[in-house]
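Structure assessment
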Amino acid sequence: MYIHPPMLQNPITGKIQFHFNRWKPRGITYQTSRRRRESREREMVQAKVEETYYISHGAPTLSIDDSLPARGFLKSFRDTVYGGAQRPPPTSILVISGHWETDYPTVNAVSGTCDTIYDFYGFPREMYELKYPTPGAPQLATRVKELLTASGFQRVSVDKKRGLDHGAWVPLMLMFPEADIPVCQLSVQTNRDGTYHYNLGKALAPLKEEGVLIIGSGSATHNLRAPRLSDGSVASWALEFDTWLKDALLDGR
């Protein structure tokens, strides 16, 4: 069906004129906006990340030691765990590392490439020459702050200079070696309890709907000076906690 453009009367001449520059077929406009909306919805479905991962990054030597089983696992993570080439990559990555402790939640909002922080000492020189030049994710940092603030975390700080500590870049270097996905890091508050951090994680859950991959990085226990007893067995306190943690996760507590 043909739709006439609007007809307006010239107030000076009194003539009726067609104003094509003011005319937009409503059907076409509606269809175009609908297609754009459907396209955005498809992108959100494709990018949606249902999982949250907790990675034990071990000692910093994970970055160079091929004999460590965890290194092989992390290098195969994208293909064997995340879904391989058939799955779209995350829009960005949020890492909560056990190596960034602050009194209040803090996110790094780096514009440009993130610095590689060598927060370990006395290791082989080659480890201090490694780089993970991934872009920062300042927009994600803003979003993290918005979600935490809306969930009752009254003070959330932003650090525009801090790069990625080894709890972030070492596992990411193996999991996503292309270093082409924007990364943002969030600190932990060791002066607060488990309930506090549970609520912090709950506040961040909407990010998964937005295509953000959330990774916790650390270790169930972290006494590297006494990982095993002299007879090779695991310390009882470490085994008890590790068993409790496994049962709690499997039971969905």
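Residues numbered from 1 in each chain as written. Predicted model: local features only at pLDDT ≥ 70, side-chain atom pairs only at ≥ 80, totals over all residues. Heavy atoms only, no water.

**Regarding the nonpolar core**
Formed by 28 residues in total, the largest nonpolar core has its most connected members in Ile93, Tyr132, Leu172, Phe176 and Leu213. Considering each element in turn, this core owes the most residues, seven residues, to helix α5 (residues 166–175). What Ile93 contacts, discounting residues up to four positions off in sequence, is Leu140, Leu172, Phe176, Ile181, Pro182, Val183, Cys184, Val212, Leu213 and Ile215. Core analysis: the second largest hydrophobic core is formed by 22 residues, Val107, Val144, Leu186 and Val212 among them. (Core = buried A, V, L, I, M, F, W, Y, C linked by side-chain atoms within 4.5 Å. Buried < 20%, exposed > 50% of the residue type's maximum accessible area, 1.4 Å probe, protein only. Helix = DSSP H or I, 4+ residues; strand = E, 2+ residues; numbered from the N terminus. Contact = heavy atoms within 4.5 Å.)

**As for the packing of helix α4 (residues 138–150) against helix α6 (residues 194–204)**
With their axes 9 Å apart at the nearest point, α4 and α6 run at an angle of 120° to one another. Classified by the angle between their axes, α4 and α6 sit oblique to one another. Two packed elements cross with a definite hand, and for α4 against α6 that hand is right-handed. Here Val144, Leu147 and Leu148 of α4 come into contact with α6, specifically with Leu200, Ala203 and Leu204. Here the residues of the contact of α4 with α6 sort into six nonpolar, no polar and no charged. (Axes fitted to C-alpha atoms, helices over the stretch in contact; angles between N-to-C directions. Parallel < 35°, antiparallel > 145°, perpendicular 65-115°, else oblique. Left-handed = near helix turned anticlockwise from the far one by under 90°. Nonpolar A, V, L, I, M, F, W, Y, C, P; charged D, E, K, R; others polar.)

**Here we look at unusual backbone geometry**
Not every positive phi belongs to a glycine, and Ala179 is a case in point at roughly 55°. Within the element layout of this structure, Ala179 appears in the loop between α5 and β7 (183–188).

**A word on the packing of aromatic side chains**
The description of an aromatic ring pair rests on the distance of the ring centres and on the angle between the ring planes. Considering all chains together, one arrives at twelve aromatic pairs under this definition. When the centroid spacing of 6.3 Å and the interplanar angle of 25° are considered together, the rings of Phe77 and Tyr82 count as stacked. The same class applies to Phe77 and to Tyr82, which are both buried. With 5.9 Å between their ring centres and 25° between their planes, Phe241 and Trp244 make a pair best called stacked. Note that Phe241 and Trp244 are positioned in helix α7 (residues 236–250) at a spacing of three residues, about one turn of the helix. An aromatic cluster of three or more residues is present, and its members are Tyr118, Phe120, Phe123, Tyr128 and Trp169. We note Arg87 situated over the ring of Tyr82; from NZ or CZ to the ring centre the distance is 3.9 Å. Looking at Arg162, its charged tip hangs above the ring of Trp100, at a distance of 4.2 Å from the centre. (Phe/Tyr/Trp six-rings, centres within 6.5 Å; stacked < 30°, edge-to-face > 60°. Lys NZ or Arg CZ within 6 Å of the ring centre and 35° of its normal.)

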